[in-house]
Amino acid sequence: MAQDARIIGRRGFRSGLLAAIPVLLAVGPFGLIFGAVATEAGLDLAQTMAMTSLVIAGASQLAALQVLSDGAPAIVAVLTGAVVNLRMAMYSASLALHWSDAPVWTRALAALTLHDQSYALSIARYERRPDEPLADRIGFYLGVGLLTSGVWVAMTLVGIRLGAALPEAIDLGVIVPVTFIAIAAPMLRGRRSALVAAVAASVSLLAVGLPFGLGLMLGAAAGLAAGFAADRPAPKTGPAVLPCDGSGEAVCAGERAR
Amino acid sequence: MISDTAIWSMIAGLGIATYAIRFSFLGLLAGREVPESVRRGLAFVPAAVLPALIAPMVVGGQSGADPERLAACAAALVAGLLTRNVLAGILAGIAGYALALVVSGQI
């Protein structure tokens, strides 16, 4: 393998920055919504910014916040958010195949900014250009990750200001289910995922009175059980199934375009 | 109002858990293949968790089921299913909410 003196390839980094521009359209508004919703839920500036910079995963941030607002203990909120983010283990595994020769500190750095966009754009590029030098592969990924994460954090800040400026009459509460529905609807592809969703929603509705977010956990578990029960080995259709969370719009768009 | 302790615990916990998930195969488990069954299971997770989270918010929520909220949610669902685009779903939901407020004479 050709050795590059530079670990992070500049050319790849620049390509990554450019490739990330279109997906900012999906990242930006979602960051804005999180900032506004978190502020209305009672988080102060430091808390909202700490959460958005440490987690960088919109759906899980909103989910954890919602669970906490419903009065569940912090541990249940953490579990809920972590479960929403479990798909990233899949991204991590898939990316690791292309990064096996990369120094461990670059992989630790990459993990900071692994989300739907950085994964989807990078994996598409790696498959298109299998011969690209490792440094440029790393550069491309970090270019995408840096720009998308930076805009995510910045737009959260804008959302905080906006949320504080909104008149009382406007109920931001409606934005939360609307955003979640918009995230979830594109994932409902095929009969099985529709079944999983229907079972999960029904069980969580039946269990709505239970404390500590138990209804959510029961609903999700029932949905998963239904999914596994209905699961039959099917022909593989591509490298990985990419469920999208709010930031996953580009993933779905990319899948469609293929 | 949520207590500061609960908020900071949640932020720290979710930050650490999410980083651990992200670093899992890139770092500690480097080079290991994900078994097919686990991969399929992971793919289902969001489709199970999000509806379980959404359903109570749509019909109940803290403010109770109101027609404007239902209209907003229905618009987001239809647009999301048709366009498969998150942003389109959000915008449709907001438009549906605004329309419902106008129709009911609230604005």
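- In the annotation of an unreviewed UniProt entry, chain B is listed under the name AzlD domain-containing protein and assigned to Paralimibaculum aggregatum.

- Under an unreviewed UniProt entry, the name given to chain A is AzlC family ABC transporter permease, and the organism recorded is Paralimibaculum aggregatum.
- The UniProt entry for chain A carries the following text under Subcellular location (unreviewed entry): "Cell membrane".
- Note on chain A: under the UniProt heading Sequence similarities (unreviewed entry), the record states "Belongs to the AzlC family."

### Focus: the overall build of chain A
Then step 1. Helix and strand counts for chain A stand at 13 helices and zero strands.
Then step 2. Traced from its N-terminal end to its C-terminal end, chain A shows the element sequence α-α-α-α-α-α-α-α-α-α-α-α-α.
Then step 3. Of all 258 residues assigned to chain A, the portion counted as buried reaches 57%.
Then step 4. Counting only contacts in chain A whose residues sit at least 6 apart along the sequence, the fraction spanning at least 24 positions is 77%.

### Regarding the UniProt feature "transmembrane region" (unreviewed entry) in chain A
Residues and elements named next belong to chain A.
Then step 1. Per the UniProt record, "transmembrane region" (unreviewed entry) is found at residues 16-37, 138-163, 169-188 and 195-228.
Then step 2. Counting secondary structure, residues 16-37 comes out at 86% helix and 0% strand; the distance between its end C-alpha atoms is 30 Å.
Then step 3. Within residues 138-163, the helical portion is 100% and the strand portion 0%, while the C-alpha atoms at the span's ends are 37 Å from each other.

### Observations regarding the environment of Gly-96 of chain B
Residues and elements named next belong to chain B.
Then step 1. In this fold, Gly-96 is placed in helix α4 (residues 86-103).
Then step 2. Owing to 24 C-beta atoms within 10 Å, Gly-96 belongs among the buried residues under this scheme.
Then step 3. Residues Gly-96 and Ile-21, spaced 75 residues apart in sequence, show a C-alpha to C-alpha distance of 37 Å.
Then step 4. In this structure, Gly-96 is in contact with Ala-71, Ala-72, Ala-74, Ala-75 and Ala-76, ignoring residues within four places of it in sequence.

### What to know about the UniProt feature "transmembrane region" (unreviewed entry) in chain B
Then step 1. Per the UniProt record, "transmembrane region" (unreviewed entry) is annotated on residues 6-29, 41-59 and 86-104 of chain B.
Then step 2. Taken as a whole, residues 41-59 of chain B contains 100% helix and 0% strand, while its terminal C-alpha atoms sit 28 Å from one another.

### Re the packing of helix α3 (residues 45-55) of chain A against helix α1 (residues 4-26) of chain B
Then step 1. Running from N to C, α3 of chain A and α1 of chain B point in directions that differ by 10°, and their axes come no closer than 9 Å. Classified by the interaxial angle, the pair formed by α3 of chain A and α1 of chain B is roughly parallel. Between α3 of chain A and α1 of chain B, the residues in contact are Gln-47, Ala-50, Met-51, Leu-54 and Val-55 of chain A and Ile-7, Ile-11, Leu-14, Gly-15 and Thr-18 of chain B, respectively.
Then step 2. Tallied by class, the residues present in the contact of α3 of chain A with α1 of chain B amount to seven nonpolar, three polar and no charged.

### A few points about the packing of helix α6 (residues 87-96) of chain A against helix α2 (residues 36-59) of chain B
What describes two packed helices is the angle between their axes and the distance between those same axes.
Then step 1. Running from N to C, α6 of chain A and α2 of chain B cross one another at 135°; their axes reach a closest spacing of 8 Å. Here α6 of chain A is positioned oblique relative to α2 of chain B, judged by the angle of their axes. Mapping the contact onto sequence places Arg-87, Ala-89 and Met-90 of chain A in α6 of chain A and Arg-39, Leu-42, Val-45 and Pro-46 of chain B in α2 of chain B.
Then step 2. For the contact of α6 of chain A with α2 of chain B, the class distribution of residues is five nonpolar, no polar and two charged.

### Quick word on the confidence of the model for chain A
Residue and element names in this part refer to chain A.
Then step 1. The pLDDT averaged across chain A works out to 84; a share of 85% of its residues lies at or above 70.
Then step 2. Mean pLDDT across the elements of chain A bottoms out in helix α13 (residues 249-257) (36) and peaks in α3 (97).
Then step 3. With pLDDT under 50 throughout, residues 235-258 is counted as low confidence; its partners more than four residues away or in other chains account for 59 contacts.

### Regarding unusual backbone geometry
Then step 1. Positive phi is not limited to glycine here, since Ile-56 of chain A has a value of about 45°.
Then step 2. With respect to the element layout, Ile-56 of chain A can be found in the loop between α3 and α4 (58-69).
Then step 3. Unlike most non-glycine residues, Arg-84 of chain B shows phi in positive territory, near 55°.
Then step 4. Locating Arg-84 of chain B in the fold gives a position in the loop between α3 (67-83) and α4.

### Some remarks on helix α7 (residues 104-112) of chain A
Then step 1. Listing the buried residues of α7 of chain A in full gives Arg-107, Ala-110 and Ala-111 of chain A. Each buried residue of α7 of chain A sits inside an arc of 100° when the element is viewed along its axis, so together they form one side.
Then step 2. Buried residues belonging to α7 of chain A abut α9 (134-165) of chain A together with α1 of chain B.

### With respect to the nonpolar core
Then step 1. With 122 residues, the main nonpolar core has Val-37, Ile-181, Ala-184 and Ala-200 of chain A together with Ala-48, Ile-54 and Ala-76 of chain B as its most contacted residues.
Then step 2. Looking at which element gives the most residues to this core, the answer is α2 of chain B, with 14 residues.
Then step 3. Two domains share this core, each providing at least three of its residues, namely domain 1 (10-165) and domain 2 (174-257) of chain A.
Then step 4. Discounting residues that sit within four places of it in the chain, Ala-200 of chain A has contacts with Gly-219, Ala-220, Ala-222 and Gly-223 of chain A together with Ala-48, Pro-51 and Ala-52 of chain B.

Definitions and limits used
- Residues numbered from 1 in each chain as written.
- Chains lettered and ligands numbered in written order.
- Predicted model: local features only at pLDDT ≥ 70, side-chain atom pairs only at ≥ 80, totals over all residues.
- UniProt positions renumbered as here; feature names shortened; annotations may be inferred.
- Helix = DSSP H or I, 4+ residues; strand = E, 2+ residues; numbered from the N terminus.
- Buried ≥ 20, exposed ≤ 12 C-beta atoms within 10 Å, placed from the backbone.
- Contact = placed C-beta atoms within 7 Å.
- Axes fitted to C-alpha atoms, helices over the stretch in contact; angles between N-to-C directions.
- Parallel < 35°, antiparallel > 145°, perpendicular 65-115°, else oblique.
- Nonpolar A, V, L, I, M, F, W, Y, C, P; charged D, E, K, R; others polar.
- pLDDT = per-residue confidence, 0-100.
- Arc of directions from axis to C-beta.
- Core = buried A, V, L, I, M, F, W, Y, C linked by C-beta atoms within 7 Å.
- Domains from an automatic or database assignment.

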